[in-house]
Every structure is written in C-alpha cells, then in structure tokens.
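Chain by chain, the residues run as shown.
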Protein chains: 4
Amino acid sequence: MLEKLKQDVCKANLDLVKYGLVIFTWGNVSAIDRESGLVVIKPSGVEYDNMTDDQMVVLDLEGNIVEGNLRPSSDTPTHLELYKAFPEIGGIVHTHSTYATAWSQAGMDLPIVGTTHADYFAGDIPCTRDMTEKEVTGGAYEKETGTVIIEKFAEINPMHIPGVLVKNHAPFTWGKDAHDAVHNSVVLEQIAKMAFVAQSVNPNMSMNPLLTTKHFERKHGANAYYGQK
Amino acid sequence: MLEKLKQDVCKANLDLVKYGLVIFTWGNVSAIDRESGLVVIKPSGVEYDNMTDDQMVVLDLEGNIVEGNLRPSSDTPTHLELYKAFPEIGGIVHTHSTYATAWSQAGMDLPIVGTTHADYFAGDIPCTRDMTEKEVTGGAYEKETGTVIIEKFAEINPMHIPGVLVKNHAPFTWGKDAHDAVHNSVVLEQIAKMAFVAQSVNPNMSMNPLLTTKHFERKHGANAYYGQK
Amino acid sequence: MLEKLKQDVCKANLDLVKYGLVIFTWGNVSAIDRESGLVVIKPSGVEYDNMTDDQMVVLDLEGNIVEGNLRPSSDTPTHLELYKAFPEIGGIVHTHSTYATAWSQAGMDLPIVGTTHADYFAGDIPCTRDMTEKEVTGGAYEKETGTVIIEKFAEINPMHIPGVLVKNHAPFTWGKDAHDAVHNSVVLEQIAKMAFVAQSVNPNMSMNPLLTTKHFERKHGANAYYGQK
Amino acid sequence: MLEKLKQDVCKANLDLVKYGLVIFTWGNVSAIDRESGLVVIKPSGVEYDNMTDDQMVVLDLEGNIVEGNLRPSSDTPTHLELYKAFPEIGGIVHTHSTYATAWSQAGMDLPIVGTTHADYFAGDIPCTRDMTEKEVTGGAYEKETGTVIIEKFAEINPMHIPGVLVKNHAPFTWGKDAHDAVHNSVVLEQIAKMAFVAQSVNPNMSMNPLLTTKHFERKHGANAYYGQK
C-alpha cells in the first residue's frame, strides 16, 4: 500500500545524506496521505546505506502501525502531532544538521537578516520554550515535543514559516510533501550558517520587513513571478 | 543567434555549481554582446542539473525577449541596469554564496585586509544602502536594486572594484566576460571567508593602502608582471 | 593471533580517515581482547593509505610486544592505562579532529547543550588538568597522560561519558569495541563543532538536565526504546 | 637538467590542490639543489590542471633563468632570499590557504596552544612587521618580503619554526625538501583553523611550554621516538 509515498519518503531520507544534513541515523522524514489519513515514516535507528522503500513504516494518525516490520522512528509522535495540527502540510523532516542545531542549542530564534531566508520563511524561525518536568519525564516526551512546537505557531501560519527550532534539540521543517520539506531543511541549514557568520561580523544586524514581504511574495504570493510557472 | 555567448553563459552558470557557490537555483550569470547590445542570461528557477545552452534567454537592454522559450532570471532588470551604467563590463554573476552573503546580511562593506583581496579588488567592497519603501514595493524592485548598486559606484571605477554586496541580500560580481565574472565571484567568497575569520581573531585589523595598490597594479596595472603575458 | 581483532582495529583506523577525523598519521585506534588481556593497536607513524591488518601490533597490558614487526603507536601507554582503569571498555580512539582538539586547546570542558550530545554522553565532557613538570618530563609522559584522564573519572562512569579532552592536546574516546569508540569519536567532533557555533551565537546557553537524562536513557538506559532492539 | 627535482616540485605543486590549500594559481612551491645552487620553481600564473614537470623554471640564486620557457612565479625573489638566509632548507611553499591567511591578515602571531602545533613548530609562528613605503614601492617588493621574514628569524632556528605569516599577505612554509614543506603547509592550515576555534571558545587560552618541548622533541629531537625510524 501507498507504494508511491513509500518511495518518496525513502528517497527523501536518502536526500538528507546527499545534502550533508545527517550522519549515522540522525534524521527522519515522513509524509502523509491526507485521503486515507495514513503516515509513512523512516524506521528507527536504521542506517541509510541500504535503506529500501519497503522498510518504511505505515501508521495511522493515532500511531497504530498499519504496515511494516520495523519500529517507526522514535520521533514519530512529534510528526503525528504536527500533521494533526497543521492540515496544510504533507511532509515533515527532522535532522540534527550542524548550524540549525547550534541555533537550537543556543535557544534562540533564527533571526531573519537576508532575502535567502525570506525566499522561504516569511520571518524569524522560532525556537521553542523549555519543556517542563512533566513534559520531559511524563511518558509522552516526543508527543509533548510536538505540543511545544504547535504552541509557537498559535499566531504563525506554518506555511509561511515552514520550520522550527526545538530548544536544546534540533530543527523540524515541513512542506507540501516530503521533497518540499527536505528542500526547506537544506535552506534552513544554509541560512543558519549565514546568520551565524553575519552575527559574528555584526551583532547589530537587522533587516527591513518590507524586503521580507517582497521576497516571500515574489516566490510564494498570489502574484509570484519567480521561476517558470 | 549568439551561439558562442550562450555556450559561455551556460558554462559559467554550471561553474557556479562546480565552485560551490550555489545550491538549487540560487544564482545566475549573464553576458552581453556589446556590438548588438544583446544580453544572454540564465532562465528563472531552472535547476542546473540538465541546463543546456539553448535554454539561455536573449534580451535587449530594455528587457525585451529576443530569443528563448523560458522566462529570464527574475534578477534580469538588475543585470540590465549594470550593463547600461558600466560600459566596460561584459559579464555579471549573482550568487547567494555563504560568506559573501553573510557580509551582505551584516550590512557591512567587506574590508580589504589582505593581498588576496587586493589582487582582484582595489579596496573595500561596498555594501549598498537600505532600499526605500518605494524602491522595494513600487513595482521595479529588481531594477532599483541596480540603481542602489550604481549609486555606490559614483566615485568608484567598477573595473577596480568588480563586485558589490547588496544589503540583506547577496553579492553581485562582474568582469570583462562571464568567465571573468565567475572568477571574481569565487574570489569574493574566499576573501569574505578569510575576513570573517581574521576579524574574529583580531577585530582591529588593518592594512597598509600602499600594499593594496602594489598588489592590484602588479596584476592589473599598466606594468603588470604577474602571469605569462 | 587475534586475526579478527586485528581486522577490526585496522578497519577502525581507516574509518578515521573516512569520517574526516585524521590527516597524515594523526590518530590511532586500539582494541582489547579481555579474555587474554592482549591489546591490538596501530603502528606508530604509519600512513593510512596502505595499512594492512598484519601491521597491527599486539601487546600485553604491561606494554610488552607479543606480535608485530613495527613499533606500536607512541600513545600506547595512554591506551594501556585506560584499559586497566576502565574494565568495561573494549576499544579506544585518539584523534586530533579539528573542533574537539580546539576545545582541548581552549582548556575547557565541552558543555552539554543539546540532545545530540546527550544521546551519547550523559553530561559535560571533561578536559584534563595541566600536567606537572614531572608528568611531562619524567620519562613516562604518555602513561601520565592516562593518569590525568583517569583522575577525571574518579566520580564519572566512563560508559556514561565515553570520552575526554586532554588539555592542550586532543580527545580520546572509547566504547565497547573499536567500532563503537570510532562512532563516539565522530559524535564528539560533531558536538564540539555545534557547541562552538552555539556558544558564538549565545555565550549564555544552557540545558535542562532532565533533557540530558531523558535522551541518554532512551538510547542507553534499561528501558531504551531507540532503534530496533 | 634536474629532472628529479622538477618532478618533485611539480608534484608538490599539485599536492597543494589535493590538500585544498590553493584555488586557481594561488600558490607556489620551489626546491633547491644545494650542490649546484640551482632552484626549481613553478611558473607564474599557470593553472594546476595541466601542469607538467617541464614547465618548471630553473634559476640560479641571483634569479637568472637557467632553463625554462615560462616566467617564474612572481614570488621567486622571496624564495631566493630564504634559500640564501636559511642554508638548512631544501623546499619552500607559499599559499593563500584560508585560515593561515586569515591570521596573516589579522597581523597576529599564530599562538601555540596545542600539541598538534608543537609536533611540527616549536613555538608561536611569527607574523612579520608592516613593510615600509620603500620596501613596498621601491622596485624590489618580493625581495623585501624575504627580508622582513628573515628579520623575524634573527633569533629563531628556521628548522624549529618552519613557517611564517607575512602580514596582510599569507603564509610561507619550508622544510628539508619540497614534500616536507608542503607537509608543513598542511599542518599550518590545520593548526590555524584550530587556533581560530579555540580562541573563539576561550580568548584566554594558554599552553605549558614544557609540553611544547616534549612534543617537538619526541618527533624531531635527538632521542625522537615517534614513528618507525
């Protein structure tokens, strides 16, 4: 079942390696079939080298395994929370990519200071708050990770800011499908690196919000004129 | 028409990938045939992987498409302004290369602190001013990006400083042809990285202007003695 | 003798090159056969390019060569001290990998600020104290390097923090076997890089200790649920 | 003539590319045959891609071309000064490698803070003073670059510190032959990177001088015991 989606998710996981975003098993990609409400995700702790489509795990949105012989990624409950809260998204990526993870560890929002950022994310990329003792140790840590992410998007459109930094942990990104979520993950790592260098060079940098709107809209707005469509 | 120039421009675009200056579609190269006044430029939003010579778009200096089935780069109006203002230049490159973009985001001129810089750029590489609301939202954003660049070169010879940092955006470089502009783009990224490291190590660094003149002249002056010519 | 262990140790040494942790001869891996008490280690100053299993040197825990035509790594006495002090460990790695070495040179513990770190090391990775004149010049420098490491682990379980930074020198890591020690060495380099970037971005970063425990336990605790076991 | 030396010098130049120390034509290697007093050096401004042994230029120590159809490197007078002043050296390398060049631009000695450094350089690597107007513009700039280097070694053994940072320019390294000089150039770049990171992490870092002596001597002293010799 969902053969095409399993192919897409497997390929998207391998793309994380291709783009230098993961080593070992430090990342996972999922995608959802909104019609059936089923999610396809990478198995837990499996190396990328020999990963195949049929190792992908299929679950429903409550986390029940519908198909697959392997355990799903330990981050699965986080993915499920996001799919439930953000109905527009079709794919999710989690990595420990170097620079985005460093900003997460620093506990800081990734400030928007350039049009590279604005081409994909229409503002600062938020960093979640500290989790409470109950959230960490209460038995639903990965689900609660989703909760603190969603809390940050109470007043943010997740399609305008398709990513987040989980404090002391690492980033999640999403998109209309798995491929798009990987694309946003590559962008996030790149803008996190640039912002690190820019802040080192000038700690007082800032950006005109008009420029943010202009760049986001020229790629994603109603009158977008970037590209060939 | 302009088959040779289309080949050069296509190859120069692919060189951006080879030198690690672009990912996805984040860059574009153009060149001008000064005799006919026609410009060849990369199409907008097209991936580099299968790019071919005949995808290049040919325009006149007013932006009218003379040949080509694809939309030209969304940055085309910036290129055209530069060709009109700087008659000595034959090729232009725009990238979002990491370190040069970081300095652009920092909103700072790239200070000349070494002979590597002086071998190609005879002084600080200027960063443009903030654009006004009208420039950003008035409908000619990319053209106005050219305007703010040209403003910076009112008293600078663009062949002595063949590049610029657009504030909160990214660099443009140019040269006598597309190949030369790419070369300057590679150099700019390298010296932007070195200046970041040098400033971190010693925020009070400086350089003797005599050394700048010496190095620029030994490569580009009337009595140049670098190389085999 | 110990053919399998020699293969493992040779392969683990080559993995240091594959993971970008060493250049030239700047690293060494050993492993111990606890039954016989014999240690297999890389020969000193031998290039990785043509390294073969049968170049590995076999020694007893007192440093007597049992098999092999080449001198063992000059760091051998450090390895032997660690095997004697930490009975749980089966493999040891020493590298001069860039970021972990930089923290060693800085003379600072590597602070735990992220779950990537906590997934493998259950707290700060300690940096050893300055060695005394006698320790450096008394004729047993490499053995004393082991002593100052062990001193740091008086109240730390070496399987909970499987690595150390030797002040002004470089890291050692260990694990249940040579492969595992190399894995920890790759992780250490990665988290050292992330912590450098994170501290640059926010010098006041910190991490909730509950999160450390949670992540270490979900991979290594009695009720671990990461991966497929 | 000097076929073997030309091969060595050509190969050493290509090794600069292999080790990532140069782009374009930004580097040069020479070697000297002390018996004949003849120096072999890379031609000026020639790309590495198709470099061949017979393009190497042979000169005497006064700079007269003895063999070769191409102009020698524009830095040749610097090399010749060093060969005349330092009779123990057999090969010289000049690069604009990123981190060593950044320290040169910062105008700072590269501080010794680790044993990786001490394994090859027995102390801080000096940065030269500002050159005077006469030295820069008097017509013998490259020769005077040699002079300011030699000045720094008035009380330093060039075989104990086989390299230097030329202020606002870039490093030179040397060794017993071209291969050895390239090796030192790779090491210099690596320790320059580590020192940048270490200083960022702890601006007050320092190192026990006993450790410097210990490490330099165990590789290069009368009783060296590193490696297989």
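Look a little higher up for the structure.
We now turn to the structure provided with this report. (Residues numbered from 1 in each chain as written. Chains lettered and ligands numbered in written order. Predicted model: local features only at pLDDT ≥ 70, side-chain atom pairs only at ≥ 80, totals over all residues. Heavy atoms only, no water.)

Quick word on the arrangement of the chains
Turning to step 1, where the next piece is worked out: With respect to C-alpha atoms, chain B approaches chain C no nearer than 10 Å, and the pair has no contact.
Turning to step 2, where the next piece is worked out: A gap remains between chain A and chain D, which never touch, and the nearest two C-alpha atoms on either side lie 10 Å apart. (Contact = heavy atoms within 4.5 Å.)

Some words on the pattern of salt bridges
Residues and elements named next belong to chain C.
Turning to step 1, where the next piece is worked out: The final tally for this structure, using the stated rule, is 44 salt bridges over all chains.
Turning to step 2, where the next piece is worked out: For Lys6, the salt bridge is made with Glu3, and the minimal N-O distance between the two is 3.3 Å. Here Lys6 pairs with Glu3, and both are found in helix α1 (residues 3-18), just three residues apart, close to one helical turn.
Turning to step 3, where the next piece is worked out: On the accessibility criterion, Lys6 (4% relative accessible area) is buried.
Turning to step 4, where the next piece is worked out: The exposure class of Glu3 is partly exposed, given its relative accessible area of 45%. (Salt bridge = Lys/Arg side-chain N within 4 Å of Asp/Glu carboxyl O. Helix = DSSP H or I, 4+ residues; strand = E, 2+ residues; numbered from the N terminus. Buried < 20%, exposed > 50% of the residue type's maximum accessible area, 1.4 Å probe, protein only.)

Quick notes on the relation of the copies chain C and chain A
Turning to step 1, where the next piece is worked out: With an RMSD of 0.0 Å, chain C superimposes on chain A once it is rotated by 90° and translated 0.0 Å along the axis. Such a combination of turn and shift is consistent with a four-fold rotation axis. No C-alpha of chain C approaches the rotation axis more nearly than that of Ser200 of chain C, which lies at 5.2 Å. (Least-squares fit on C-alpha atoms with pLDDT ≥ 70 in both.)

Description of the packing of helix α3 (residues 98-106) of chain D against helix α7 (residues 178-201) of chain D
When two helices pack together, their arrangement is given by the angle between the helix axes and by the axis-to-axis distance.
Residue and element names in this part refer to chain D.
Turning to step 1, where the next piece is worked out: Running from N to C, α3 and α7 cross one another at 60°; their axes reach a closest spacing of 7 Å. Judged by the inter-axis angle, α3 sits oblique to α7. For the element pair α3 and α7, the recorded crossing hand is left-handed. Each of Thr98, Tyr99, Ala100 and Trp103 in α3 lies in contact with α7, whose residues at this interface are Leu188, Glu189, Ala192, Lys193, Ala195, Phe196 and Gln199.
Turning to step 2, where the next piece is worked out: Its residues assigned to classes, the contact of α3 with α7 shows seven nonpolar, two polar and two charged. (Axes fitted to C-alpha atoms, helices over the stretch in contact; angles between N-to-C directions. Parallel < 35°, antiparallel > 145°, perpendicular 65-115°, else oblique. Left-handed = near helix turned anticlockwise from the far one by under 90°. Nonpolar A, V, L, I, M, F, W, Y, C, P; charged D, E, K, R; others polar.)

A closer look at the interface of chain C and chain A
Turning to step 1, where the next piece is worked out: The interface is formed by 34 residues belonging to chain C together with 33 residues belonging to chain A.
Turning to step 2, where the next piece is worked out: When chain C packs against chain A, the two sides together hide about 3100 Å² of surface, and 57% of this comes from carbon and sulfur.
Turning to step 3, where the next piece is worked out: Among the residues of chain C in contact with chain A, Met194, Val201 and Gln228 of chain C are the three that bury the most area, contributing 20% of the side total.
Turning to step 4, where the next piece is worked out: Seen at the junction of chain C and chain A, the total is two salt bridges.
Turning to step 5, where the next piece is worked out: Here Asp75 of chain A ties to Arg218 of chain C by a salt bridge, and the two come within 3.6 Å at their closest N and O atoms.
Turning to step 6, where the next piece is worked out: For the side of chain C that touches chain A, the secondary structure elements donating two or more residues are α4 (115-118), α7 (178-201) and α8 (209-220) of chain C. (Buried area = accessible area lost by both parts, 1.4 Å probe.)

Looking at the interface of chain B and chain A
Turning to step 1, where the next piece is worked out: Contact residues are listed per partner, giving 33 residues for chain B and 34 residues for chain A.
Turning to step 2, where the next piece is worked out: Taken together, both faces of the contact between chain B and chain A bury some 3100 Å²; the carbon and sulfur share is 57%.
Turning to step 3, where the next piece is worked out: A per-residue breakdown of the area chain B buries against chain A is headed by Phe24, Arg71 and Gln105 of chain B, which together make up 21% of the total.
Turning to step 4, where the next piece is worked out: Linking chain B to chain A there are two salt bridges.
Turning to step 5, where the next piece is worked out: Residue Arg218 of chain A pairs with Glu142 of chain B through a salt bridge whose shortest N-O separation is 2.6 Å.

Digging into the sheet that holds strand β5 (residues 91-95) of chain C
Residue and element names in this part refer to chain C.
Turning to step 1, where the next piece is worked out: Taken together, seven strands build an open sheet; the order of strands is β4-β3-β2-β1-β5-β7-β6 and the sheet is antiparallel. Taken across any chain shown, the strands that pair with only one partner, and hence form the sheet edges, are β4 (65-67) and β6 (163-165). Taken over all neighbouring pairs, the strand axes of this sheet differ in orientation by 25° on average, direction set aside.
Turning to step 2, where the next piece is worked out: For β6 and strand β7 (residues 171-175), the ladder comprises three bridges, and the chain directions are antiparallel. Counterpart to Gly163 in the pairing with β7 is Thr173.
Turning to step 3, where the next piece is worked out: Helix-sheet contacts for α1 involve β1 (27-33), β2 (38-41), β3 (57-60), β4 and β5, and the interaxial angle to β1 is about 155°. (Pairing = 2+ DSSP bridges.)

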